[in-house]
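The lines below spell out each chain.
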Amino acid sequence: MESARTIFHRSWLTSSLHSGASRPIVFVHGLFGSLENLGMITRLLKDDFHIYAIDLPNHGRSMHTADTSLEAMAEAMRCWMDENNLAEVDLLGHSLGGKVCMEFALRYPDRVNRLIVADIAPVTYPRRHDDVFGAFRAVDLGEVNSRADADKLMAPHVPLVSTRSFLLNNLKKTTDKDASNAWHWRLNIDGLERNYHQFIQGNTTTCQPFENPVLFIKGENSDYILPSHQEAILALFPNAGVKVISDTEHWLHAEKPDVFASIVRRFLLQG
C-alpha cells in the first residue's frame, strides 16, 4: 500500500490540545466532499478539542486510488494515524465518512475511544447518486470557461441549486499553463463511479462488535437512518445511542451547526 502521507495529501490540525480533552478527534467528510465540509463544526469545537480533519482518498487533495472499499479506506486511515503518532482517537464521520469510521472502529477497536456517526447506518444502500455522476459527465471541461457554465450543464441532472453548489466545490482552475484544459475535477470521478458498489455496501460483520460508546446523529427528515436499521446498528455497536436533530435533512451539520456541535461536545466530554 502507498504511504498514508501520500494517500492523505492534506490533513490539518485546527487547534492545540485543550486541557479538557484527553484525546484528539478526527473528522471525516462524506461522498463528493472534502475536509472543508465540516469546517464550521471544527471551528465551533476548536477550543475544546485537538482536531484533525482529512480528505478521504479520491476526494479533495488526497491521492486517487484504485481500491475504494470501506476496508481499504479504513486501512489507509490506520496507516495515517500510525505516521502521525495517533495511538487512540475519537472519530466523527458524516455519510460516507461515517461508514469509513464505523469500519475503522470495527477493525481496529483498540484505536478508537468514542465514535460519532452522522446520518448513516452500517447497512447496504441502494444506488442513489447516478444523477450526480450524470451531472459530472455532462460537463465538457474543454468547453467550460467558468463555474457558471458547468452549473448550467449540470442543472438538468441535479435540479437543486444547493447540491450543485456543493458538487462544484470540486471544480478547480488549473495553474498549469501547459494544461490542455483550464478546469479539472479534484474528485476521482472515474474511480468513484466504477467502484461505487464498494462503499454503499454494509459494514463488515466478520469482526467483533465495537463495545465502546457510539452516538448516531440523525437528521429528522433524512431517510439514511431508519427504524429498520436498528437491529443492524445494535448488532455491531451494542452501546450505541441516537440523537435526532429536528427539521434537518442529510446535511444536518450544515443546517444546524450549533445544535450539532453541542451534541458532539456533550457526548465526547461525558464520562
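Please read these numbers as outputs of a predicted model, since none were measured by experiment. (Residues numbered from 1 in each chain as written. Predicted model: local features only at pLDDT ≥ 70, side-chain atom pairs only at ≥ 80, totals over all residues. Heavy atoms only, no water.)

K.L.:
Break down unusual backbone geometry for me, citing the residues and quoting the values.
P.N.:
The backbone of Asn58 shows a phi angle near 75°, a positive value even though the residue is not glycine. Residue placement: Asn58 occurs in the loop between β3 (50–54) and α3 (70–83). Look at Asn85: it is not a glycine, yet its phi comes out positive at around 55°. (Helix = DSSP H or I, 4+ residues; strand = E, 2+ residues; numbered from the N terminus.)

K.L.:
Describe the nonpolar core, with residues and values.
P.N.:
Judged by nonpolar contacts, the single largest core of 61 residues is most densely connected at Phe32, Leu91, Leu115, Phe136, Trp185, Phe199 and Phe237. Among the elements that line this core, the one with the most residues is helix α4 (residues 96–107), at 7 residues. Excluding anything up to four places from it in sequence, Phe136 contacts Phe32, Met154, Leu167, Trp185, Leu187 and Ile189. Counting 22 residues, the second largest nonpolar core, distinct from the first, contains Leu38, Ile116, Leu215 and Val264. (Core = buried A, V, L, I, M, F, W, Y, C linked by side-chain atoms within 4.5 Å. Buried < 20%, exposed > 50% of the residue type's maximum accessible area, 1.4 Å probe, protein only. Contact = heavy atoms within 4.5 Å.)

K.L.:
Lay out the pattern of salt bridges with the relevant residues and their values.
P.N.:
If you walk through the whole model with that rule in mind, you get 13 salt bridges. Across the salt bridge formed by Arg107 and Glu71, the nearest N and O atoms sit 3.7 Å from each other. With Arg107 in helix α4 and Glu71 in helix α3, this pair connects stretches of sequence that are 36 residues apart. One salt bridge connects Arg78 with Glu75, and the closest N-O pair in it is separated by 2.7 Å. (Salt bridge = Lys/Arg side-chain N within 4 Å of Asp/Glu carboxyl O.)

K.L.:
Run through empty space enclosed by the protein, naming residues and quoting values.
P.N.:
Enumeration according to the criterion identifies 1 cavity of 30 Å³ or more in this entry. Space inside the largest cavity adds up to approximately 140 Å³. Around the largest cavity sit 13 residues that line it, and Ile120, His129, Phe199, Ile200 and Tyr224 are the ones nearest its centre. When contributions to the lining of the largest cavity are tallied by element, the ones reaching two or more residues are α4 and α9 (196–199). Classifying every residue of the lining of the largest cavity by side-chain character gives 9 nonpolar, 2 polar and 2 charged. (1 Å grid on protein atoms, 1.4 Å probe; cavity = no way out; pocket = protein on both sides within 12 Å on 5 of 7 lines; lining within 4 Å. Points joined across faces, edges and corners; volume = space filled by probe spheres on them. Nonpolar A, V, L, I, M, F, W, Y, C, P; charged D, E, K, R; others polar.)

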